[in-house]
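Single-letter residue listing:
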Amino acid sequence: MTGRPDLLRRKSFLVLIAMLCLSSVTASQADEALKADEIDRLLRGNTIEGSWSGAAYTQYFRDDGQTIYLQANRRPEIGRWRVNSQTDQYESWWEQTGWNGYTILRTDTGYGWQRGAKTEPFTVLSGKKITW
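Reading guide: rules and limits
- Residues numbered from 1 in each chain as written.
- Predicted model: local features only at pLDDT ≥ 70, side-chain atom pairs only at ≥ 80, totals over all residues.
- Heavy atoms only, no water.
- Salt bridge = Lys/Arg side-chain N within 4 Å of Asp/Glu carboxyl O.
- Buried < 20%, exposed > 50% of the residue type's maximum accessible area, 1.4 Å probe, protein only.
- Core = buried A, V, L, I, M, F, W, Y, C linked by side-chain atoms within 4.5 Å.
- Helix = DSSP H or I, 4+ residues; strand = E, 2+ residues; numbered from the N terminus.

Participant: Would you take a moment to explain the pattern of salt bridges for this structure?
Facilitator: Tallied over the full model, the rule gives nine salt bridges. For D64, the salt bridge identified is with R62, shortest N-O distance 2.5 Å. Residue R62 is classed as partly exposed on the basis of its relative accessible area of 31%. Here R82 makes a salt bridge to E91, at a shortest N to O gap of 2.5 Å. Looking at E91, the relative accessible area reads 11%, which means it is buried. One connected set of salt bridges, linked through shared partners, spans E32, E38 and R106.

Here it is as structure tokens:
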């Protein structure tokens with residue numbers, strides 16, 4: 001039995017190191033919430049492409065607070081947008097829903113809208129990239 005406690009200690013130590021490494025990788029890959037000023041710079045005057053509940057869309061954010069949302073085979077929707085500096089959230093207004101707030105996350109693949117437990121992915125295109 002000589003050496004077995006030492007072997008167990010070494011194995012335990014290696015397992016602990018592996019767990020610490022894994023947790024630091026997971027933490028560094030966690031989605032990061034953007035602050036209000038970052039959201040404004042990200043969206044103002046730019047276009048995004050994304051997927052909302054599995055449906056692809058394109059959306060343009062005008063400097064004056066108007067936003068245009070386009071989805072294939074649907075009429076364009078005109079809404080409003082703003083950034084709430086007290087909550088660090090993007091807020092949008094649509095005729096059918098009124099104002100709603102969303103957290104914007106920086107993800108491994110781009111960005112995402114978060115409301116509740118669900119995150120909807122999107123990427124940013126510089127400038128106005130929509131026509132209809």
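There's more to say after this.
Participant: For this particular structure, what's the right way to read the nonpolar core?
Facilitator: When a protein is soluble and globular, its nonpolar side chains tend to lie buried together. In this structure, L43, Y90, I104, W113 and F122 are the most contacted members of the largest nonpolar core, which totals 16 residues. Contributing elements (two or more residues each) for this core: helix 2 (36–43), strand 3 (55–61), strand 6 (89–94), strand 7 (98–107) and strand 8 (110–115). With three residues, the top contributor of residues to this core is helix 2.

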